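Read off the chains here:
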Amino acid sequence: MMRGVALFVVLCAVLLHVTPVRADEAAFRNYMTAAGESVKRKDHAAAASMFELAVNATESFGSSDERLVAALYGLGRAQRALHDYAPAEASFRRALAIL
């Protein structure tokens, strides 16, 4: 599980440092940072909330944007940790459909 968290943190770091910053991008970065901090504290409910906000913030980026994939993947992991398996599966499937 820690390997997955480490991979997720690296993925987020790469995505957050490669793209230009806009107002919605800044919101996305803030939500992803807060979600990552919540994951580190094992506060999966807070992480899920922040990932949901990050997903919503990506709406202006386009439906195939890699940032949406990162937010959906994090959301799915948080939902799975909360034993919300059906929503987690939906998040993972949506992320995979983009790839």
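Relevant structure appears above.
Report on the accompanying structure. (Residues numbered from 1 in each chain as written. Predicted model: local features only at pLDDT ≥ 70, side-chain atom pairs only at ≥ 80, totals over all residues. Heavy atoms only, no water.)

**Things to note about the side chain of Glu 25**
Step number 1: Here Glu 25 is to be found in helix 2 (residues 23-40).
Step number 2: Residue Glu 25 is classed as buried on the basis of its relative accessible area of 0%.
Step number 3: A distance of 2.3 Å separates a polar atom in the side chain of Glu 25 from a polar atom in the side chain of Arg 67. (Helix = DSSP H or I, 4+ residues; strand = E, 2+ residues; numbered from the N terminus. Buried < 20%, exposed > 50% of the residue type's maximum accessible area, 1.4 Å probe, protein only. Polar contact = N/O pair within 3.5 Å; in protein donor to acceptor, adjacent residues only side chain to side chain.)

**Description of the pattern of salt bridges**
Step number 1: One pass over the structure, following the stated rule, counts five salt bridges.
Step number 2: Between Glu 25 and Arg 67 there is a salt bridge, with the nearest N and O atoms lying 2.3 Å from each other. On the criterion of sequence distance, the pair formed by Glu 25 in helix 2 and Arg 67 in helix 4 (residues 66-81) is long-range, its members being 42 residues apart. Here the two residues Glu 25 and Arg 67 agree in accessibility, since each one is buried. (Salt bridge = Lys/Arg side-chain N within 4 Å of Asp/Glu carboxyl O.)

**Topic: the nonpolar core**
Step number 1: By size, the foremost hydrophobic cluster in this structure holds 19 residues, and its most contacted members are Phe 28, Met 32, Phe 51, Val 55 and Ala 71.
Step number 2: Mapped by element, the contributors of at least two residues to this core are helix 2, helix 3 (44-57) and helix 4.
Step number 3: Ranked by residues supplied to this core, first place goes to helix 4 with seven residues. (Core = buried A, V, L, I, M, F, W, Y, C linked by side-chain atoms within 4.5 Å.)

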